Amino acid sequence: MYDFLRKVPLFADLPDEDLDRLCQMVTEVRLQAGDELFAEGSPGNRAFVIQEGEIEILKSSGGRNVQIALRKPGEVIGEMSLLESAPRFASGRARTDSLLLAIGHEQLNNLLNTSPSAARAMLHTITARLRSTELVLRQSEKMAQLGTLTAGIAHELNNPAAAAGRGAQQLKTIFAQYQQASQDLYHRQFSPVQTEAIESLDSLVRSRAAKPADVDTLTRSDREEEAENWLEDLGIEEPWNYAPVMVNLGYPEEDIRSWLAKFQGEVLEAVLQWLEANLSTYTLLEEISQGASRIGEIVKSLKSYVYLDQAPVQEVDIHEGLDNTLVMLRSKLKTGINVRREYTKNLPRIQAYGSELNQVWTNLIDNAIDAMEGNGELILRTALENDNVIVEIQDNGPGIPQEIQTKLFSPFFTTKPVGKGTGLGLNISYNIIQKHAGEIKLYSRPGKTCFTVILPINFDAAKTGTATLVSRSKPKDEMLRNILDQNKHIAVVGISNRTEVPAHSVPAYLQQVGYRIYPVNPNLTEVLGEKAYPDLLALPDPVDVVLIFRRSEAVPPIVEQAIKIGAKVVWMQEGIVNEAAAETAREAGLEVVMDTCMRATHKRLMANTK
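Residues numbered from 1 in each chain as written. Predicted model: local features only at pLDDT ≥ 70, side-chain atom pairs only at ≥ 80, totals over all residues. Heavy atoms only, no water.

Trainee: Describe the packing of helix H18 (residues 555-564) against helix H19 (residues 579-587), listing the residues and the values that go with them.
Mentor: As a packed pair, H18 and H19 sit with axes 9 Å apart at the nearest point and diverge in direction by 10°. As far as their axial angle goes, H19 and H18 are roughly parallel. Contact residues: Val-555, Pro-556, Val-559, Glu-560 and Ile-563 in H18; Ala-581, Thr-584 and Ala-585 in H19. Tallied by class, residues from the contact of H18 with H19 come to 6 nonpolar, 1 polar and 1 charged. (Axes fitted to C-alpha atoms, helices over the stretch in contact; angles between N-to-C directions. Helix = DSSP H or I, 4+ residues; strand = E, 2+ residues; numbered from the N terminus. Parallel < 35°, antiparallel > 145°, perpendicular 65-115°, else oblique. Contact = heavy atoms within 4.5 Å. Nonpolar A, V, L, I, M, F, W, Y, C, P; charged D, E, K, R; others polar.)

This is the structure in structure tokens:
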């Protein structure tokens, strides 16, 4: 074992005594071909060095196992999960009879802490594996997504194709009846008045086939009974055969009765037979036409979705891309999900890699559909701000826990069950948005999850610095001026008694220019000549503005208190941004300012007005 480990790069430069101690701590693991070493999603409590045999590394993706690596003697496996104390992101299975050496968390930590060469070797190993694993899984993810879209499109094409085929088959029989009925009328002698009536009925048939009468079941039953009685009064022996046709034509409209009243007896029955065959023929032709049009619409959407035969970069219509994505995912949307579009009018086209941008919409919308589990509301919202297009994709699913939101865009991180996701969809989306010099943000709580994508109209200009991506967090001057002019009572959370820091100098300036300051800091008793309070709930008077000098992660409970005390504005000092807390405040009716210095803003907008 000693000689074997000395040849492994991870242990090659260890001092003899350390390697001896490691040899005493490792345990042997023997596997037969086909045995599982560890399962995807299981705790990463050990790493392994392969001494004999081969181990397959498998990742479940799209309902199948994808082999992302084959590890051989001398290689270390399972080290990433062990170092991060994270679940295994893939499975390990013996391809042949194998012998491995297992290393625990403590032994690996001691090794990396005492051997710089081992740390370098581990870093090199992890970096190389991340690259190769991500490359394989990205390809697998694209194939799985392609399979999902293909299945959805096949399902969408099947219905109109089946309808068209069924209509064509029925038309063979009906058309023969129509020919026979038409010949029967042709050989009869009609007066000019009767000929005019037949022409009017023929015109009515064509219009009704294109736009059938919208009648509920109960009303239809009543009208059929009425039509049956009317036909019986005209001498038709089996009026129930023609009553449905009469209702489909629009009975009891006066024109229909007037036209048919011009015929009697055998001639009237021949006209009714012709009407029935004529209406059936045109109705089937309309069904076939609609089926073919639907197929054409899906194919057109598919071509637009992938930007077939177009340059990689082109002028892209965001609304068209979102709508085409909905067509691609329509089979998943039929289960009870309501889609609401809140598109801004006259949204300009943007410069983009069209097919890649549609991949972003596919990932975000597909995740939203999965989160709602077949029942909910999906909102697609667009807006234009300065030279940027804003796209929001919102669902009313269970939300994403706060503690994992920062990990969502990391490679291989997924909240889906094993085999349902590779953890690359949002990472791919993030990279595509970055490629467009854009930004993607997340806000989530139970009942509302919203991904906001901000894209410059011209990403080349944004990359070269001639255009600026303006965050939605930055309010307009008019809003800031109104806040500063109309709100005079300010609670300063996180105020300091150290005069050299902004948490003291900013509220001191505000006090000097006429604002009433309420210090909030549980560690102080008095600041700026005012009593300090432990939290917002302890304030004796109502306040207009809550000015925050705390770390971003500490903002949410402060916002909750601001809502409870009836504040009008939450103002986060420069460097402080918390989108989730800001959205909570906005939903409660408060105005929000983030990452903005209140003193600098006052000097810029208000100093000259005093």
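Structure shown, so let's carry the discussion forward.
Trainee: Quick one: what's the story with the environment of Trp-571, residue by residue and with numbers?
Mentor: Along the chain, Trp-571 turns up in strand S21 (residues 569-572). The class for Trp-571 is buried, based on a relative accessible area of 0%. As a C-alpha pair, Trp-571 and Val-593 span 22 residues in sequence and 4.7 Å in three-dimensional space. Non-local contacts of Trp-571, meaning those with residues more than four positions away in its chain, are made with Leu-480, Ile-483, Leu-484, Val-545, Val-546, Leu-547, Ile-548, Val-593, Thr-596, Cys-597, Met-598 and Thr-601. A polar contact is formed between the side chain of Trp-571 and the backbone oxygen of Thr-596, at a distance of 2.8 Å. (Buried < 20%, exposed > 50% of the residue type's maximum accessible area, 1.4 Å probe, protein only. Polar contact = N/O pair within 3.5 Å; in protein donor to acceptor, adjacent residues only side chain to side chain.)

Trainee: Which residues make up the packing of aromatic side chains, and what values do they have?
Mentor: Given two aromatic rings, their pairing is described by the distance between the two centres and the angle made by the two planes. Scanning all chains against the criterion turns up 3 aromatic pairs. Look at Phe-175 and Tyr-178: their rings are 6.1 Å apart centre to centre, the planes differ by 40°, and that puts the pair in the tilted class. Of this pair, Phe-175 and Tyr-178 both sit in helix H5 (residues 116-186), 3 residues apart, which is roughly one turn of the helix. Judged by its relative accessible area of 18%, Tyr-178 falls in the buried class. Each ring, one from Phe-190 and one from Phe-263, has its centre 5.8 Å from the other, and the planes form 90°; the classification is edge-to-face. Note that Phe-190 is positioned in the loop between H5 and helix H6 (192-210) and Phe-263 in the loop between helix H9 (254-260) and helix H10 (265-306), a separation of 73 residues in sequence. Relative accessible area serves as the criterion here: at 22%, Phe-190 is assigned to the partly exposed category. Owing to a relative accessible area of 1%, Phe-263 belongs among the buried residues under this scheme. For the cation-ring pair, Lys-435 lies above Tyr-353, with the distance from its terminal atom to the ring centre recorded as 4.1 Å. The ring of Tyr-509 has Lys-603 lying over it, and the distance from NZ or CZ to the ring centre is 5.3 Å. (Phe/Tyr/Trp six-rings, centres within 6.5 Å; stacked < 30°, edge-to-face > 60°. Lys NZ or Arg CZ within 6 Å of the ring centre and 35° of its normal.)

Trainee: Describe the pairing of strand S3 (residues 46-52), with residues and values.
Mentor: As judged from the 6 bridges shared by S3 and strand S8 (residues 98-104), these two strands associate in the antiparallel manner. Across the sheet, residue Arg-46 finds its bridge partner in S8, namely Gly-104. Pairing analysis gives 2 bridges linking S3 to strand S6 (residues 76-77), with the strands arranged antiparallel. Across the sheet, the residue bridging to Phe-48 is Ile-77, located in S6. (Pairing = 2+ DSSP bridges.)

Trainee: Describe in detail the nonpolar core, supporting the description with residues and values.
Mentor: In this structure, Ile-318, Trp-361, Ile-365, Leu-378 and Phe-451 are the most contacted members of the largest nonpolar core, which totals 36 residues. Elements with a contribution of two residues or more to this core: helix H11 (318-328), strand S11 (350-353), helix H13 (354-372), strand S12 (376-385), strand S13 (388-395), helix H14 (425-435), strand S14 (439-445) and strand S15 (448-456). When residues of this core are assigned to their parent elements, the largest contribution, 8 residues, is made by H13. Not counting the four nearest positions on each side in its chain, Ile-365 is found in contact with Thr-325, Leu-326, Leu-329, Leu-378, Leu-380 and Ile-393. (Core = buried A, V, L, I, M, F, W, Y, C linked by side-chain atoms within 4.5 Å.)

Trainee: Explain the sheet that holds S12 residue by residue, including any values.
Mentor: With respect to topology, 5 strands assemble into an open sheet ordered S10-S12-S13-S15-S14, the strand pairing being mixed. Bordering the open sheet on either side are strand S10 (337-342) and S14, each of which pairs with just one other strand. In this sheet, neighbouring strand axes are inclined to one another by 15° on average, regardless of whether the strands run parallel or antiparallel. Bridge count for S13 against S15 is 8 bridges, and the pairing is antiparallel. For Val-389, the partnering residue across the bridge sits in S15 and is Leu-455. Seen against the sheet, H19 touches S14 and S15 and runs at an angle of roughly 60° to S14.

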